[in-house]
Structures are given as structure tokens and as C-alpha cells.
Amino acid sequence: LCLQVPELEKATVRIRQPERVRGIIRSLREQGVAKLQVISDFDMTLSRFGCNGRRCPTSHNILDNSHVISEDGKKKLKDLLHYYYPIEIDPNRTLEEKRPLMVEWWTKAHELLVQQKIHKGDIAQIVRESEAMLRYGHRRFFGQLHKNNIPLFIFSAGVGDVLEEIIRQANVFYPNVNVVSNYMGFSDDGVLTHFKGPLIHTYNKNNTVLQGTGYFQQLSTRTSIILLGDSMGDLTMADGVPSVENILKIGFLNDKVEEQRGKYLDSYDIVLESDETLDVVNGILRYILAE
């Protein structure tokens, strides 16, 4: 398979069960483009984790660090991050322990943002001034999916308004892209007053927050899935798909690589360690879509 997908030879690639992965990729190709959909996380999956030794911002960070947030607000948001982020990535805590704490974190952060009276009209500028970056190869990724009418479902615990603006400014917000995320609610004069429910955090990306959207039901013939994520919470993103025939799970391992490697290799079919590109994903798509 490496002949057809040479990107799998990259030094960043780790695969625990190569034979199994080969089988899945071949099946995805055999099932054909009409059955394929891509389900992806956004922050640190489609967007970059780091650049030149510095962390890139998530959609929440972009707001937190922007000129519309007061110094006091910035400090409080940073304190929340320093307290809750280590819990989010702690390999020794169970998901059951983490879930209520993530709800706590997101709720507190959203309340702080609401206090800042953010204007809807400021979001485009906030994104333009930020250091938001999509991974290398994003044009090809979004372009291949669009050209072949393959639905891309972005399931994000970030801020929907911000991540949509990032995609829009990159000129890749095609009609095949659907986003489910935490969206802001604005007053008639365009001031942030609340976040619309249901709350999506790292560890509830599953059916519970998709009820009523009916998204996967409309795509019931799309039984081949490529899933892209960067956390354990992303593994459940395809749970709402009525009948999965083939699923290839690709995980970006961005942080604490040595500590988390075993867990990622147990859970994802392909693990990409400290890889800021979409090369492997694009290579697999090229192989599946080749005539």
C-alpha cells in the first residue's frame, strides 16, 4: 500500500496493525466515492497545533487573546486554561471523571466571554488579526472533498462562529462542509448575550449533542468514514452514523507524545505524531478517489 500511498512512509506515522489498516483503506477504495464521508474535529486537527516552536491558537484562544477581551477577562480565561487543560489531557483520569469538569470549564469560559459584550461584527477582524493557521495541505484536502461531493462534517467543541470565519478566510468554505459546534447567540444589535445549546466539550462529541440535527440520517448511504481527531473524545464523533461499514480513524498526537502514544495507538488506526500537515490524509484520499 505504501507504493500507492507513499505518505504512509513519513517518519511521523505510527500504525499498530498495518495489515488491518491496509484492509480498511482498500475497502474504502472499493466502496467508492458515493459511500464516503469525512468526519473531523477542528481545533488542532484541521488547524495547526504549533508553528516555529509556538502554540497556535484554538478557536476559543483566538477570542480569549483578542483586543475585545479586557485584561481582567484574559487573566481569568488563562487561569481556567491552566487549571482545566491538564485535567483534559491527563492519561490517568477516566472520561467519567473528566466529563463534569469539562462542562464546568466550558460553562465558565462562555460566561466570561458573554461578560465581554463581544460584537458579531468584530469576529472577522478578530480572526484576521489572530495567528490561526490551518494545517499544510488544507487547500488540497477541502478541494478534493468538494470536487468529489464528499460531505465533510466538522464536529467541534470550539466556537462555531470563529472556526467558520477561519475556513471562510482560507477560501475553503464549500457547500459540502457542515459544522456542529458551540455557536454564539447575539442580541438584535449584534452583541453576544449567550451561547446556544447544547454545550459541546471535548468528551461529549457523540449522539447526545446531535439529537434533532438528523445530519447523519440524511447521509445514511454514506457508510464509509474517514474520522480525523486529536483527542480520545474525538473517537465517538461517528457514533450517530446509522450503519458504518468501514471506518478509518486517524489521530493527530500533538502534545505529550511519549506519555500518550500507547493510548493513541490503541484507539486510532493511524497516529500522526507532531505532524502539522494533512499529507497522510490527502495521500489516502488520493488513493481512494483514483480512477
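Above this text you will find the structure in question.
A brief look at the structure comes next. None of the values given here were measured: they were computed from a predicted structure.

### Observations regarding the nonpolar core
Phase 1: In this structure, Phe-141, Ile-226 and Ile-284 are the most contacted members of the largest nonpolar core, which totals 92 residues.
Phase 2: When we break this core down by domain, the ones giving at least three residues each are domain 1 (6-51 + 133-289) and domain 2 (54-129).
Phase 3: With sequence-adjacent residues up to four places away left out, Phe-141 is seen in contact with Val-38, Leu-46, Leu-152, Leu-228, Leu-278, Val-281, Asn-282 and Leu-285.

### With respect to the pattern of salt bridges
Phase 1: Evaluation of the coordinates by the stated rule reveals 23 salt bridges.
Phase 2: The partner of Arg-99 in a salt bridge is Glu-96, with the nearest N and O atoms 3.4 Å apart. Of this pair, Arg-99 and Glu-96 are both found in helix α4 (residues 95-115), 3 residues apart, which corresponds to roughly one turn of the helix.
Phase 3: Note on Glu-96: relative accessible area 56%, which makes it exposed.
Phase 4: With its nearest N and O atoms 3.4 Å apart, the salt bridge here joins Arg-135 to Glu-276. On the criterion of sequence distance, the pair formed by Arg-135 in the loop between α5 (123-129) and α6 (138-147) and Glu-276 in the loop between β11 (270-273) and α10 (279-289) is long-range, its members being 141 residues apart. With respect to burial, Arg-135 and Glu-276 carry one shared label: buried.
Phase 5: Each of the salt bridges in this network shares a partner with another, and the network as a whole consists of Arg-14, Glu-258, Arg-261 and Glu-273.

### Details of the packing of aromatic side chains
Phase 1: Considering all chains together, one arrives at 9 aromatic pairs under this definition.
Phase 2: Each ring, one from Tyr-83 and one from Tyr-84, has its centre 4.7 Å from the other, and the planes form 90°; the classification is edge-to-face.
Phase 3: Classification of Tyr-83 as exposed rests on a relative accessible area of 51%.
Phase 4: Ring centres of Tyr-264 and Tyr-268 lie 5.8 Å apart, and the angle between their planes is 25°; on these two criteria the pair is classed as stacked.

The rules we used
- Residues numbered from 1 in each chain as written.
- Predicted model: local features only at pLDDT ≥ 70, side-chain atom pairs only at ≥ 80, totals over all residues.
- Heavy atoms only, no water.
- Core = buried A, V, L, I, M, F, W, Y, C linked by side-chain atoms within 4.5 Å.
- Buried < 20%, exposed > 50% of the residue type's maximum accessible area, 1.4 Å probe, protein only.
- Domains from an automatic or database assignment.
- Contact = heavy atoms within 4.5 Å.
- Salt bridge = Lys/Arg side-chain N within 4 Å of Asp/Glu carboxyl O.
- Helix = DSSP H or I, 4+ residues; strand = E, 2+ residues; numbered from the N terminus.
- Phe/Tyr/Trp six-rings, centres within 6.5 Å; stacked < 30°, edge-to-face > 60°.

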